[in-house]
Amino acid sequence: MKKIRGIYLKNESELQVMREANQIVAKTLAAMAAAVAPGTPTLHFEEIARDYCKRYDVKPAFLGYHGFPFALCCSVNEEVVHGFPSQRRLQEGDIVSFDMGVVYRGFFGDAALTVPVGEIAPAAADLLAVTRASLAEGIGAMTVGGNLADVSRAVQKYVESRGYSVVKRFVGHGIGRSLHEKPEVPNFVAPGAKDIPLLPGMVLAIEPMVAAGGCDVEILADNWTAVTRDRSLSAHFEHSVALTQAGPVVLSELAA
Ligand code: MG
């Protein structure tokens, strides 16, 4: 594994292991999404996360990370990220975000998605569609010879053109032998941001968090759960994406 300006570049065999790690995450997230229904306590999804980790003999990446007490981040409605699974029961019309990571043969996988609970309001459905599409825009901008800021700009431009705001408090990240590697992957272009060329072998966890209202967040008394300050709805989609000579490869896209 080469390291350039603090960024690890993965070789083909390392990318293969990372693909397997991320496929396990993808399968887990798909099982959770399929289990979403009104009346289900969110702790049920923590059980699914742990079951899948056992089944595939991998370690949950988030459990114990800086003291995080669960394998799964489960965030409902105005919760942006890092919510706790609990006895809270999902209700028709809610949206629920699952963010999940694993460690497999020394490499991390990380992905997230937001799922509707039963019938949701058109405005909520639009927020989900825009957030998912903004991730695709970011991935599309990840090209050899491009710059990291292209990815950030693509996400931000798409989100803001649809009248929503990107949450700036949390950012995506490089991923590999550590959950969070260099570089940070903001969902916005920061003035004076460093020029970071995109190189083959980079793996980025791109993860737009989008708010229907303002972008300000606050952290609840549990010291983890981030909510929008104005309590507007928030959605979150994340993929771990490898850059190859042929372009971006989404490692955490569920294989057919
Ligand atoms: Mg992540």
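Preceding block: the structure.
Below: a short report on this structure. In this text the structure is predicted, and so the values were computed from the model without any measurement.

Brief notes about the coordination of the magnesium ion
Surrounding the magnesium ion are the protein donor atoms Asp110 (OD), His173 (NE2), Glu207 (OE) and Glu238 (OE), at 2.1 to 2.4 Å. If you list the donors of the magnesium ion from N- to C-terminus, the spacing comes out as D-x62-H-x33-E-x30-E. With a gap of 31 residues between them, Glu207 in the loop between strand E11 (203–206) and strand E12 (209–211) and Glu238 in the loop between strand E15 (234–236) and strand E16 (239–244) connect regions that are remote in the sequence. Judged on exposure class, the residue Glu207 and its partner Glu238 are both buried.

Re the sheet that holds E12
Strands in a sheet are paired, the pairing made by backbone hydrogen bonds, and the direction either parallel or antiparallel. Spatially, 3 strands are ordered E8-E12-E15 in an open sheet, and the strand pairing comes out antiparallel. Edge positions in the sheet fall to strand E8 (165–166) and E15, since each of these pairs with one other strand and no more.

Topic: the environment of Gly140
Position of Gly140 among the secondary structure elements: in helix H3 (residues 122–140). Relative accessible area serves as the criterion here: at 53%, Gly140 is assigned to the exposed category.

Points about the packing of helix H1 (residues 12–35) against helix H2 (residues 43–55)
Remark: H1 packs on H2, axes separated minimally by 10 Å, with the N-to-C direction vectors making an angle of 150°. Judged by the angle between their axes, H1 and H2 are roughly antiparallel. Seen from above, H1 lies across H2 with right-handed handedness. Along its contact with H1, which presents Lys27, Thr28, Ala31, Met32 and Ala35, the element H2 presents His44, Phe45, Ile48, Ala49 and Tyr52.

Some thoughts on the pattern of salt bridges
Summed over the entire model, instances satisfying the criterion amount to 6 salt bridges. Note that Glu181 and Lys10 form a salt bridge whose closest N and O atoms lie 2.9 Å from each other. In this pair, Glu181 sits in strand E10 (residues 181–185) while Lys10 sits in the loop between strand E2 (7–9) and H1, placing the two residues 171 residues apart along the sequence. Exposure remark for Glu181: the relative accessible area of 9% places this residue in the buried category. A salt bridge links Glu218 to Arg229, with the shortest nitrogen-to-oxygen separation between them at 3.8 Å. Taken as a pair, Glu218 in strand E13 (residues 217–219) and Arg229 in the loop between strand E14 (226–228) and E15 lie far apart in primary sequence, 11 residues in all. Beyond isolated ion pairs, a larger network of salt bridges with shared partners links Glu218, Arg229 and Arg231.

A word on the nonpolar core
Met32, Val96, Phe98, Met100 and Ile206 are the most contacted members of the largest nonpolar core, which totals 62 residues. Of the residues forming this core, the biggest block, 9 residues, is contributed by H1. Not counting chain neighbours up to four residues away, the residues in contact with Met100 comprise Val25, Thr28, Leu29, Met32, Ala49, Cys53, Phe62, Ala71, Leu72, Gly109, Asp110 and Ala111. Listed in part, the 14 residues of the second largest apolar core include Ala124, Phe188, Val210 and Ala235.

A word on the pairing of E16
The element E16 is largely enclosed, with a buried count of 5 among its 6 residues. Bridge count between E11 and E16: 4 bridges; the pairing is antiparallel. From the neighbouring strand, Ala205 faces E16, where its bridge partner is Ser240. Judged from the 4 bridges that link them, E16 and strand E17 (residues 247–250) form a sheet pairing that is antiparallel. Bridge pairing in E17 places Leu243 opposite Pro248. Linking two consecutive strands that pair antiparallel, namely E16 and E17, is a turn of 2 residues.

About the thresholds
Residues numbered from 1 in each chain as written. Predicted model: local features only at pLDDT ≥ 70, side-chain atom pairs only at ≥ 80, totals over all residues. Heavy atoms only, no water. Donors = N, O, S within 2.8 Å, 3.2 Å for Na, K, Ca; no water. Helix = DSSP H or I, 4+ residues; strand = E, 2+ residues; numbered from the N terminus. Buried < 20%, exposed > 50% of the residue type's maximum accessible area, 1.4 Å probe, protein only. Pairing = 2+ DSSP bridges. Axes fitted to C-alpha atoms, helices over the stretch in contact; angles between N-to-C directions. Parallel < 35°, antiparallel > 145°, perpendicular 65-115°, else oblique. Left-handed = near helix turned anticlockwise from the far one by under 90°. Contact = heavy atoms within 4.5 Å. Salt bridge = Lys/Arg side-chain N within 4 Å of Asp/Glu carboxyl O. Core = buried A, V, L, I, M, F, W, Y, C linked by side-chain atoms within 4.5 Å.

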